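Results of the structural survey
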Amino acid sequence: MAENIEFIDQFGADLVNRHHFNTIIEIEKRSWPRDNATPRFYLFCGITYFQRGNLYKALELLNDAKKHSNEFDNQGQAIIAHTMLSARYLLDMITKEQYDLEIAMINSI
């Protein structure tokens, strides 16, 4: 369990950038319980599920990453906020106007 979480924490950015989403999903599914999961684990898994179109799962994982957003730099916080906002928009949870307004706020940081 801990090795799975550590692997995603350490190599998740590279796996996401190389579009190895299935690898991340397979590891994430075998990583229970997650008492010691890192914010980066949640971030990379959330981005992966977003890229695969599982927006509810993406929001769940990104919310867990957001709880520890103080551990991310400004860019990491913006990635979390932007991905969550995009998922909420795609799920019709917010309007285009709300989306545009919040995107402008994120981009101004």
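Numbers given for residues are sequential positions, taken from 1 along each chain in its written order. Totals for whole chains, interfaces and linings use every residue, but because this is a predicted model, local features are given only for residues with pLDDT of at least 70 and side-chain atom pairs only at 80 or more, for both listing and counting. Side-chain calculation: all heavy atoms of the structure are included, whereas hydrogens and water are not.

Here's the deal with the packing of aromatic side chains
For any pair of aromatic rings, the description rests on two quantities: the centre-to-centre distance and the angle between the ring planes. Counted only if it meets this: Stacked, edge-to-face and tilted are the three classes for Phe, Tyr and Trp ring pairs, Trp counted by its six-membered ring, which pair at centre distances within 6.5 Å; planes under 30 degrees apart are stacked, over 60 edge-to-face, the rest tilted. The helix count covers DSSP runs of H or I at least four residues long, the strand count covers runs of E at least two residues long, and both are numbered beginning at the N terminus. Each residue is placed in one exposure class: buried if its accessible area under a 1.4 Å probe, protein chains only, is under 20% of its type's maximum, exposed if it is over 50%, and partly exposed if it falls in between. Only Lys NZ and Arg CZ are tested; either one counts as a charge over a ring when it is within 6 Å of the ring centre and within 35 degrees of the ring normal.
Scanning all chains against the criterion turns up three aromatic pairs. Relative to F11, the ring of F7 has its centre 5.0 Å away and its plane inclined at 45°; by these criteria the two rings are tilted. Here F7 pairs with F11, and both are found in helix 1 (residues 2-17), just four residues apart, close to one helical turn. The class of F11 is partly exposed, set by a relative accessible area of 36%. With a centroid separation of 5.7 Å and 75° between ring planes, the pair formed by F41 and Y42 is classed as edge-to-face. A residue is classified by how much of its surface remains accessible, and F41, at 0% relative accessible area, is buried. Since its relative accessible area comes to 10%, Y42 is described here as buried. The lysine or arginine in question, R34, covers the ring of W32, its NZ or CZ lying 4.1 Å from the ring centre. A cation over an aromatic ring shows up here: K57 above the ring of Y49, its NZ or CZ 5.8 Å from the ring centre.

Examining the nonpolar core
Put simply, the rule reads: We define the nonpolar core as a collection of buried residues of types Ala, Val, Leu, Ile, Met, Phe, Trp, Tyr and Cys that are connected through side-chain atoms lying within 4.5 Å of one another. Here a residue-residue contact requires only that any non-hydrogen atoms of the pair lie within 4.5 Å.
Within the largest apolar cluster, 27 residues are counted, with the highest numbers of intra-cluster contacts made by I8, F41 and L43. At the level of elements, helix 1, helix 2 (21-29), helix 3 (39-51), helix 4 (55-66) and helix 5 (74-90) are the ones that each hand at least two residues to this core. Of all the elements, helix 3 adds the most residues to this core, at eight residues. In this view, L43 contacts L62, A65, F72, I79 and I80; residues no more than four positions away in its chain are not counted. L85, I94, Y99 and I106 belong to the second-largest nonpolar core, a separate cluster that totals five residues.

Geometric values such as these leave the question of function open.
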